[in-house]
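# Architecture and fold: a report
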Number of protein chains: 2
Amino acid sequence: MVAAADTLSQTFAALADPTRRAILGRLAEGEATVSQLAEPFDVTLPAITKHLKVLERAGLVERSKRAQWRPCRLKAAPLRDAAGWIADYRRFWEASLDRLDAYLQKVQAELPADPKNKKGSQRGRK
Amino acid sequence: MVAAADTLSQTFAALADPTRRAILGRLAEGEATVSQLAEPFDVTLPAITKHLKVLERAGLVERSKRAQWRPCRLKAAPLRDAAGWIADYRRFWEASLDRLDAYLQKVQAELPADPKNKKGSQRGRK
DNA sequence: CGTTTATTTTACCTTCTGGTTATTTTACCC
DNA sequence: GGGTAAAATAACCAGAAGGTAAAATAAACG
C-alpha cells in the first residue's frame, strides 16, 4: 500500500485497459449513456459500471443525471498531465536519438567489461 | 484473459506505478544497475527486480550483462506510441475548449431529454 | 576452492482488478 | 400504485500485482 494513489498513477492505470480506452474513444464523439457505452463490448453492464467508476475516480469522465439515465462525458484534463509527463521523454524517442543512445551505451558497456574474461570450470550442475 | 495484453495497455500499466516512473526518470540520466536503481526506494531488491521485469516486458527498459551487474537503459519507443494515443485527445484539454465542450454537451444533454426515443432508435450506432 | 557482491528465483501473503449473477434502486409512464 | 427501463449495488470468484524473507545463481576476486 502506501501507494498514495497519486493522480498520475490513477490516470495511467485508467488508460491501461483497452475497454476503458475504447470508452474514452466513444465519449470523444459525444456524451453517451451507460448502455450506449456498453453496447460495443461483450461484457455485462455491471462491468461497464465498474470501468466508468475507475474513469470517474481518475477524473476522465463526468456524469450527470437525466431521468433514469446517467450520461457520461469526457474530461480530458488528466490526459494533459499524462501527456506532460511523457513529453519529458520525447528526446529519447525522437529522430535516431534512441538508436544513437543505445549505441553509445552499448559501447560504454563493452569497453570496461572484460579485462580478462576467465572461463569457469563449473558446468555440470543444475 | 483474452485481454491480449496489447502493447498500449502494457505501456500504460507500466507507467501506472510511481516507483516505475521514478526508475524511468533515473534511467533518463543514464544507464544504471539494479542496486543503483533500488537505492532511492524503501523496498527490497526483489521488488525492484519485479518492477524492472514489468518495464522490460513493456519494452521500456533493456538490460545487458556486465560481470555480475545487469545494467538497465531506457528504451523510449513505447512512450512515443502512448503519447500518440493521448495526443488524439489534445483538442479536448486545450485552451478553453474543455469548458466550452462541457457547456455544449450540457446544453445538448438538457434539450433532447424528453423525447420518447425508446427502442433502439436513439442513435443507430453500430 | 571459498568468499564476496549483485541479482534472480522461489514460495508465500495480501490487496486490487475485472468479471460474473442476482438483487435493488431510480425514475419514467400508464 | 404497478409496470418497465436504466443503472447501481451486493456478493462472490479467479487471477494478477506488489510486497516480503529466504534460498539459489552468477561472476569477480583472493
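Values in this document were obtained by computation on a predicted structure and should not be read as measured data.

## Some remarks on the overall build of chain A
Scanning chain A for helices and strands turns up 7 helices and 2 strands. If you list the helices and strands of chain A from N to C, you get α-α-α-α-β-β-α-α-α. In chain A, which comprises 126 residues, the proportion classed as buried is 39%. By sequence separation, contacts in chain A at least 24 residues apart represent 50% of the contacts at least 6 residues apart. Of the roughly 8,000 Å² that chain A leaves accessible, carbon and sulfur atoms contribute 53%.

## What to know about the packing of helix H1 (residues 7-15) of chain B against helix H5 (residues 77-87) of chain B
Residues and elements named next belong to chain B. Interaxial distance between H1 and H5 falls to 10 Å at its minimum, and their mutual angle equals 95°. Between H1 and H5, the angle is such that the two are roughly perpendicular. Only Pro 78, Leu 79, Asp 81, Ala 82, Trp 85 and Ile 86 of H5 make contact with H1, whose side of the interface consists of Leu 8, Thr 11, Phe 12 and Leu 15. When the residues that make up the contact of H1 with H5 are grouped by side-chain class, the tally is 8 nonpolar, 1 polar and 1 charged.

## Some points on H5(B)
Residues spaced three or four apart along an α-helix face the same direction, because each turn holds 3.6 residues. Those residues of H5(B) that fall on the buried side of the exposure criterion are B:Pro78, B:Leu79, B:Ala82, B:Trp85 and B:Ile86. Angularly, the buried residues of H5(B) cover 120° about the axis, an arc narrow enough to put them on a single face. Those residues of H5(B) that are buried are in contact with helix H1 (7-15), helix H2 (18-27), helix H5 (77-87) and helix H6 (90-93) of chain A together with H1 and helix H6 (90-93) of chain B.

## Regarding unusual backbone geometry
Here B:Ala67, not a glycine, exhibits a phi torsion of approximately 50°, which is positive. Looking at where B:Ala67 falls in the secondary structure, it is placed in the loop between strand E1 (61-63) and strand E2 (72-74).

## A look at the packing of helix H2 (residues 18-27) of chain B against helix H4 (residues 45-57) of chain B
Packed helices, taken two at a time, are described by the angle between their axes plus the distance between the axes. Residue and element names in this part refer to chain B. Contact geometry of H2 with H4 gives a least axis separation of 10 Å together with a crossing angle of 75°. Relative to H4, the element H2 lies roughly perpendicular. Taken together, the residues of H4 that come into contact with H2 (itself represented by Thr 19, Arg 20, Ile 23 and Leu 24) are Ile 48, His 51, Leu 52, Val 54 and Leu 55. Along the lines of polarity and charge, the residues of the contact of H2 with H4 split into 6 nonpolar, 2 polar and 1 charged.

## Brief notes about the protein's contact with DNA strand C
In the vicinity of DNA strand C, 21 residues are found, and the nearest of them are A:Thr44, A:Lys50, A:His51, B:Ser35 and B:Thr49. Within 4 Å of the protein, the contacting atoms of DNA strand C are 76% sugar and phosphate, with bases supplying the remainder. Take B:Lys53: an N or O atom from its side chain is 2.8 Å from a phosphate oxygen of DNA strand C. The set of elements that each furnish at least two residues to the surface near DNA strand C consists of helix H4 (45-57) of chain A together with helix H3 (34-38) and H4 of chain B. It is H4(A) that contributes the most residues to the surface near DNA strand C, 4 residues altogether. Of the residues in the surface near DNA strand C, the class split is 7 nonpolar, 7 polar and 7 charged.

## Side note on the interface of chain A and chain B
Tallying the contact residues gives 42 residues for chain A and 40 residues for chain B. At the boundary of chain A and chain B, one finds 2 salt bridges. Among the salt bridges present, the one from B:Arg21 reaches A:Asp6, with a minimum N-O distance of 2.6 Å. The set of elements that each furnish at least two residues to the side of chain A that touches chain B consists of H1, H2, strand E2 (72-74), H5, H6 and helix H7 (97-110) of chain A. Tallied by class, the residues present in the side of chain A that touches chain B amount to 23 nonpolar, 6 polar and 13 charged.

## A short note on the confidence of the model for chain A
Averaged over all residues, the pLDDT of chain A equals 80, while 71% of them reach at least 70. Low pLDDT, under 50, characterises residues 111-126 of chain A; the stretch is placed with 1 contact to residues that sit more than four places away or in other chains.

## Section: the relation of the copies chain A and chain B
If you rotate chain A by 180° and push it 0.0 Å along the axis, it lands on chain B with an RMSD of 0.0 Å. When the rotation and shift are considered jointly, the pair of chain copies conforms to a two-fold rotation axis. Take the interface residues of chain A: 86% of them recur as interface residues in chain B, which is what a same-surface contact looks like.

## Observations concerning the environment of A:Asp81
All names here are of chain A. Within the secondary structure layout, Asp 81 lies in helix H5. Since its relative accessible area comes to 39%, Asp 81 is described here as partly exposed. Placed 70 residues apart in sequence, Asp 81 and Thr 11 show a C-alpha to C-alpha distance of 8.9 Å.

Conventions and cut-offs
- Residues numbered from 1 in each chain as written.
- Chains lettered and ligands numbered in written order.
- Predicted model: local features only at pLDDT ≥ 70, side-chain atom pairs only at ≥ 80, totals over all residues.
- Heavy atoms only, no water.
- Helix = DSSP H or I, 4+ residues; strand = E, 2+ residues; numbered from the N terminus.
- Buried < 20%, exposed > 50% of the residue type's maximum accessible area, 1.4 Å probe, protein only.
- Contact = heavy atoms within 4.5 Å.
- Areas by Shrake-Rupley, 256 points an atom, 1.4 Å probe, with all protein chains shown as cover.
- Axes fitted to C-alpha atoms, helices over the stretch in contact; angles between N-to-C directions.
- Parallel < 35°, antiparallel > 145°, perpendicular 65-115°, else oblique.
- Nonpolar A, V, L, I, M, F, W, Y, C, P; charged D, E, K, R; others polar.
- Arc of directions from axis to C-beta.
- Near = heavy atom within 4 Å.
- Polar contact = N/O pair within 3.5 Å; in protein donor to acceptor, adjacent residues only side chain to side chain.
- Salt bridge = Lys/Arg side-chain N within 4 Å of Asp/Glu carboxyl O.
- pLDDT = per-residue confidence, 0-100.
- Least-squares fit on C-alpha atoms with pLDDT ≥ 70 in both.

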